[in-house]
Amino acid sequence: MNKLSMRIVSGWISINIGHYDYFYDSKNKRFVVMENNYDTNSISKLNEERLKKIIPPVNYEILPNFAEPANLSCITITGKCNMNCPYCFVYPVPKMKNMSVSTAISAVKALKKQSDKHLTIYLWGGEPSLNPKALIAACNEGQKHERLSLILTSNGVFSDELFDKIIQVDNLIFQISFDGIKEQNNQKLLTNKNSLPIVLNRMKSINRLNKKIILRSTVTKNNISNILNGLGLIKDLTKTYMIEHVHTYVGRSQNQKTQEPNINDYGQVIMKLLYETEQFGINLLTPTLEGLRLSSPPKWGFINILPDKYLSVTNSIIDSSNPMFKLLSIGKLKRKKIVISLKKVKKMHDNYIRNVNIYCDNCIAKPICRGGIQRDLFCSQANITMFDDTRCKYYKSVLAQWILSIIPSINSCLKQEGLREGMILLKNNNKDKNFFPLLVHKNGLKVICDKSFICPH
Ligand code: SF4
């Protein structure tokens, strides 16, 4: 990755490889290829000028709107957990109370009320099943509404009694944390019991009942090598696999620097997983791949309703004792209504833009990421001293490896047309898939040469 010469030209991500310059427009999903006979070590200035002349700049203006009605939200059912995973991105909040049943019901109603689109609500914590009454209440309320999906984010360790109740909820999807198939990769419960057999049994019973499961793994130094080996099992359990890297600045994991996988190893494991999962028809989710598919970070509107009714824009659990709380909370749930403070939203917006301008200026991922990978930090830190760019390095490593993986197909497409330069469009090959395939193979991406396009000299 280090050998790749990459930069941004008029909003295009430009890459030099040998005698060719490649320019990628992430918005319209197309590459322009130009010969570079003058300088083989960097993107040629001449080609930059040619690109600017023939193609309009790609506008990727950063316009966060943190007050936007959320179509993706979450309700923090409890701060408690029955595990103690060292890499957890949740701030431990020992004194946090469970959400009450009435707040859980109001939270679902209020979120649904402020959104006229399809709404997805994550029910999470901590381990939400440790507050079964509020969890069941939120599920029951959630299934009364149309165009609403509920996702239970859980470690999969919960009682049969609770399972029998929530499995009846029509619009509920299970998102289960699953860190590998080997004993050492699965976490002990606080009771010291091994969670792995319990989680596997739970997933099998969910599957038997044809309910949807999303699996979610955190890649650490210890499990990176056997995450791939686990795919044989995963393919029988899910069609959606979510990969997280160790979070470097939030929760317990900020003390887990030694758990971080090597940057290139992480990029490679994502690319290998992408090949394997696409073959199995599994949708692999991870920040860079989502960015590549959507050409942007996820929508800004995201609200986390906390047990004490405060609204936060972070997916971590925080409470008023946290130093970042003031800057990450934007309002309160009041009388079954989401009430947002526009003053706070403005402050958050200004912080975000200010920090993106400081930290993202020369970043090659900026047209896609737009600061999204550091969202919490950029929203909250008026003066960042704890900026940790490991997440950015993971993002850029996957991006660079994706570009490298697709270039041979682009070259052979041009060759087939008898061209040395041209424009290549990336098309979704499979209309049935609701995600944008990222690799060129049987069910993946089509690379098409735009024959009308000529690169003038
Ligand atoms: S990867 Fe990091 S530096 Fe680059 S745009 Fe995203 S947040 Fe900014």
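Conventions adopted
Residues numbered from 1 in each chain as written. Predicted model: local features only at pLDDT ≥ 70, side-chain atom pairs only at ≥ 80, totals over all residues. Helix = DSSP H or I, 4+ residues; strand = E, 2+ residues; numbered from the N terminus. Buried ≥ 20, exposed ≤ 12 C-beta atoms within 10 Å, placed from the backbone. Contact = placed C-beta atoms within 7 Å. Pairing = 2+ DSSP bridges. Axes fitted to C-alpha atoms, helices over the stretch in contact; angles between N-to-C directions. Parallel < 35°, antiparallel > 145°, perpendicular 65-115°, else oblique. Left-handed = near helix turned anticlockwise from the far one by under 90°. Expected span 1.5 Å × (residues − 1). Near = placed C-beta within 6 Å. Nonpolar A, V, L, I, M, F, W, Y, C, P; charged D, E, K, R; others polar. Core = buried A, V, L, I, M, F, W, Y, C linked by C-beta atoms within 7 Å. Domains from an automatic or database assignment. pLDDT = per-residue confidence, 0-100.

Caption draft 1: Layout of the overall build of the protein chain. For the protein chain, the count of helices and strands is 14 helices and 17 strands. Relative to its 457 residues, the protein chain shows a buried fraction of 44%. Within the protein chain, contacts between residues separated by at least 24 positions form 71% of all contacts whose residues are at least 6 apart in sequence.

Caption draft 2: How the structure looks around the sheet that holds strand S16 (residues 422-428). Taken together, six strands build an open sheet; the order of strands is S1-S2-S3-S4-S16-S17 and the sheet is antiparallel. For this open sheet the edge positions go to strand S1 (5-9) and strand S17 (445-450), each flanked by a neighbour on one side alone. Pairwise comparison of adjacent strand axes, ignoring direction, gives a mean angle of 25° for this sheet. Across six bridges, the pairing between strand S3 (residues 20-25) and strand S4 (residues 30-35) is antiparallel. Each residue of the ladder has a partner; that of tyrosine 22, found in S4, is valine 33. Against the sheet, helix H1 (residues 45-54) makes contact with S1, strand S2 (12-17), S3 and S4, and its axis sits at roughly 135° relative to S4, the strand it touches most. The sheet contacts of helix H14 (residues 390-416) involve S1, S2, S3, S4, S16 and S17, and relative to S17 the element is tilted by about 50°.

Caption draft 3: View of the environment of serine 296. Among the structural elements, serine 296 can be located in the loop between helix H9 (287-294) and strand S12 (302-305). Judged by C-beta crowding, with 18 C-beta atoms within 10 Å, serine 296 ranks as partly exposed. Between the alpha carbons of serine 296 and isoleucine 368 there is a distance of 4.7 Å; along the sequence they are 72 residues apart.

Caption draft 4: Representation of the packing of helix H2 (residues 101-113) against helix H3 (residues 132-142) in the model. One way to put it is that H2 packs onto H3 with a least axis distance of 8 Å and a crossing angle of 30°. When the axis of H2 is compared with that of H3, the two are roughly parallel. In terms of crossing hand, the pair formed by H2 and H3 is right-handed. Residue-level contacts link Val101, Ala104, Ile105, Val108 and Lys109 of H2 to Lys133, Ala134, Ala137, Ala138, Glu141 and Gly142 of H3.

Caption draft 5: Summary view of H2. Taking 1.5 Å per residue as the helical rise, H2 with its 13 residues ought to reach 18 Å, and the 19 Å between its terminal C-alpha atoms agrees with that figure. Listing the buried residues of H2 in full gives Thr103, Ala104, Ser106, Ala107, Val108, Ala110 and Leu111. Packed against the buried residues of H2 are strand S5 (72-76), strand S6 (119-124), H3, S12, strand S14 (329-334) and strand S15 (337-340).

Caption draft 6: Structural detail: the pairing of S1. In terms of strand pairing, S1 meets S2 through five bridges, oriented antiparallel. Across the sheet, residue serine 5 finds its bridge partner in S2, namely asparagine 16. Taken together, S1 and the strand that follows it, S2, pair antiparallel across an intervening segment of two residues, in which serine 10 is found at a positive phi of about 50°.

Caption draft 7: Examining the site of the ligand more closely. Near the ligand you find Tyr359, Cys360, Cys363, Ala365, Lys366, Cys369, Gly371, Ile373, Gln374, Cys392, Tyr395 and Lys396, and these make up its full shell. Those elements giving two or more residues to the shell around the ligand turn out to be helix H12 (366-369) and H14. Across the shell around the ligand, the residue classes tally to eight nonpolar, two polar and two charged.

Caption draft 8: Here's a closer look at the sheet that holds S14. Read from one edge to the other, the open sheet built from eleven strands follows the order S11-S10-S9-S8-S7-S6-S5-S12-S13-S14-S15, with strand pairing classed as mixed. Among the strands making up the open sheet, the edge pair consists of strand S11 (283-285) and S15. The average angle at which neighbouring strand axes cross in this sheet is 25°, direction not considered. Examined bridge by bridge, S5 and S12 share four bridges and lie parallel to one another. Looking at S12, one finds that serine 73 is bridged to isoleucine 303.

Caption draft 9: Representation of the nonpolar core within the structure. Residues Leu123 and Ala138 are the most contacted members of the largest nonpolar core, which totals 109 residues. For this core, the element with the most residues is H14, which contributes twelve residues. Counting residues domain by domain, this core receives three or more from each of domain 1 (5-59 + 391-450) and domain 2 (72-312). Residues within four places of alanine 138 in sequence aside, it is in contact with Ile75, Ile77, Ala104, Ile105, Val108 and Leu123.

Caption draft 10: Spatial organisation of the confidence of the model for the protein chain. Mean pLDDT over the protein chain works out to 86, with 89% of the residues at or above the 70 mark. When pLDDT is averaged over each element of the protein chain, H3 comes out on top at 97 and helix H6 (residues 224-227) at the bottom at 80.

Caption draft 11: Region of interest: unusual backbone geometry. Notably, asparagine 210 is not glycine yet its phi reads approximately 60°, a positive angle. Position of asparagine 210 relative to the elements: it lies in the loop between helix H5 (196-208) and strand S9 (213-219). Within the chain, arginine 370 stands out as a residue other than glycine whose phi angle is a positive 50°. Summarising the element assignment, arginine 370 is placed in the loop between H12 and helix H13 (375-380).

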